[in-house]
Amino acid sequence: MSVLPLVFTSGWASGINAYAVVLLLGVFGATGVSDEVPEALQRPDVLIAAGVLFLCEAVADKIPYVDSVWDTVHTVIRPVSGAVVGALLAGQSGSLPDLAAGAVGGSTALASHAVKAGTRMAINTSPEPFSNVVMSTAEDLGVGGLISFAMFYPEAAAIIAAVLLVIGLFLLFFLVSRIRRFLRRRAQRREEKRLASRAGAPPP
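Calculation criteria
Residues numbered from 1 in each chain as written. Predicted model: local features only at pLDDT ≥ 70, side-chain atom pairs only at ≥ 80, totals over all residues. Heavy atoms only, no water. Helix = DSSP H or I, 4+ residues; strand = E, 2+ residues; numbered from the N terminus. Buried < 20%, exposed > 50% of the residue type's maximum accessible area, 1.4 Å probe, protein only. Contact = heavy atoms within 4.5 Å. Expected span 1.5 Å × (residues − 1). Core = buried A, V, L, I, M, F, W, Y, C linked by side-chain atoms within 4.5 Å. Axes fitted to C-alpha atoms, helices over the stretch in contact; angles between N-to-C directions. Left-handed = near helix turned anticlockwise from the far one by under 90°. Nonpolar A, V, L, I, M, F, W, Y, C, P; charged D, E, K, R; others polar. Phe/Tyr/Trp six-rings, centres within 6.5 Å; stacked < 30°, edge-to-face > 60°. Salt bridge = Lys/Arg side-chain N within 4 Å of Asp/Glu carboxyl O. Patch = residues over 30% accessible without salt bridge, like charges linked within 9 Å, V, L, I, M, F, W, Y side chains within 5 Å. Areas by Shrake-Rupley, 256 points an atom, 1.4 Å probe, with all protein chains shown as cover.

Enquirer: Give me the overall build of the protein chain: which residues, what numbers.
Expert: When its secondary structure is counted, the protein chain shows six helices and zero strands. The N-to-C order of helical and strand elements in the protein chain reads α-α-α-α-α-α. For the protein chain, the proportion of its 204 residues judged to be buried stands at 42%. Here the contacts in the protein chain between residues at least 6 apart in sequence split such that 74% fall between residues at least 24 apart.

If you want it as structure tokens, here you go:
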């Protein structure tokens, strides 16, 4: 399938920011930059909805802890979006190659979403909020740049996406212990506050 590199790249990008992928692909298709973008992604209502949701994500993604809540909500949305975009890019006949493209897009989106969500949880263990803004901006620029690059050089873009995915998975592996320590400390502080409030309560 000649469209498979674009499917893989869009799947990786969907796991980071699904709305940006839909918006960019739709704009590229509507402006004639690419003939491979299906008409379903070029519809004005789809572009408007993707644009509004992209702005919402751009704000929520830069606020500590709000970004993790947003990621939790999108645990299903991003992989499904990656699968749908992949299937649309491959065609709409329901054939085995179309279904395979959907599976590639969805699974890649799920993997990159796991990397994004885990990285954000690790970043939120730091008290300062600036790292969230920097990481969110870097993700948005990376998604926009790689999807734009994939319009002209899909194979090279797919290789870059694969390298970024592998690096992200290795990074997530090393961050898991930090995330677990942070969650244990937070649970311990909550338990200490609960016990302290009980101890300070007046007797009945």
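Text resumes after the structure shown.
Enquirer: Would you mind going over helix H2 (residues 44-60) in detail, with residue names and values included?
Expert: In this model H2 runs 24 Å from its N-terminal to its C-terminal C-alpha over 17 residues, within 8% of the 24 Å that 1.5 Å per residue would give. Along H2, the positions that sit buried rather than exposed are Leu-47, Ala-50, Gly-51, Glu-57, Ala-58 and Ala-60.

Enquirer: Break down the nonpolar core for me, citing the residues and quoting the values.
Expert: Core analysis: the biggest nonpolar cluster contains 26 residues, and Trp-12, Leu-25, Val-143 and Ile-147 have the highest contact counts within it. The set of elements that each furnish at least two residues to this core consists of helix H1 (4-30), helix H3 (66-90), helix H5 (130-152) and helix H6 (154-200). With ten residues, H1 is the largest single contributor of residues to this core. With sequence-adjacent residues up to four places away left out, Trp-12 is seen in contact with Thr-108, Ala-109, Ser-112, Val-143, Leu-146, Ala-161, Leu-164 and Leu-165.

Enquirer: I'd love a proper account of the packing of H1 against H2, names of residues and values included.
Expert: One way to put it is that H1 packs onto H2 with a least axis distance of 9 Å and a crossing angle of 145°. Two packed elements cross with a definite hand, and for H1 against H2 that hand is left-handed. In this structure, H1 uses Ile-16, Asn-17, Tyr-19, Ala-20, Val-22, Leu-23, Gly-26 and Val-27 to contact H2, whose residues at the interface are Val-46, Leu-47, Ala-50, Gly-51, Leu-53, Phe-54 and Glu-57. Its residues placed into classes, the contact of H1 with H2 shows eleven nonpolar, three polar and one charged.

Enquirer: Could you give an account of the environment of Lys-116, with specific residues and numbers?
Expert: Mapped onto the secondary structure, Lys-116 falls in helix H4 (residues 96-123). We classify Lys-116 as buried; its relative accessible area is 2%. Put simply, Lys-116 and Met-135 are 19 residues apart on the chain and 9.7 Å apart in space, counted from C-alpha to C-alpha. Setting aside chain neighbours within four positions, we find Lys-116 in contact with Gly-15, Ile-16, Glu-57, Asp-61, Asp-71, Arg-78 and Glu-139.

Enquirer: Tell me what's going on with the packing of aromatic side chains, and back it up with residues and numbers.
Expert: This structure, assessed with the given rule, holds two aromatic pairs. Taking 5.2 Å as the distance between ring centres and 35° as the angle between the ring planes, the aromatic pair formed by Phe-149 and Tyr-153 counts as tilted. Its relative accessible area of 51% is what places Tyr-153 among the exposed residues. With a centroid separation of 5.5 Å and 80° between ring planes, the pair formed by Phe-173 and Phe-174 is classed as edge-to-face.

Enquirer: Just give me the short version of the pattern of salt bridges, but keep the residues and values in it.
Expert: For the structure on display, the rule yields nine salt bridges. In this structure, Lys-116 and Asp-61 form a salt bridge, with 2.9 Å as the shortest nitrogen-oxygen distance. Here Lys-116, found in helix H4, pairs with Asp-61, found in the loop between H2 and H3; they are 55 residues apart in sequence, far enough to count as distant. Of the two residues, Lys-116 and Asp-61, both sit in the buried class. Arg-120 is the partner of Glu-139 in a salt bridge, and the nearest nitrogen-oxygen pair spans 2.9 Å. Taken together, the residues Glu-139 in helix H5 and Arg-120 in helix H4 connect sequence positions 19 residues apart.

Enquirer: Outline a nonpolar patch on the surface, listing residues and values.
Expert: Together, Val-33, Phe-149, Phe-152, Tyr-153, Ile-160 and Leu-164 make up a nonpolar patch on the protein surface, roughly 560 Å² of accessible area in all. Those elements that place two or more of their residues in the nonpolar patch are H5 and H6. Relative to the elements of secondary structure, Leu-164 occurs in helix H6. Classification of Leu-164 by relative accessible area gives partly exposed; the value is 40%.

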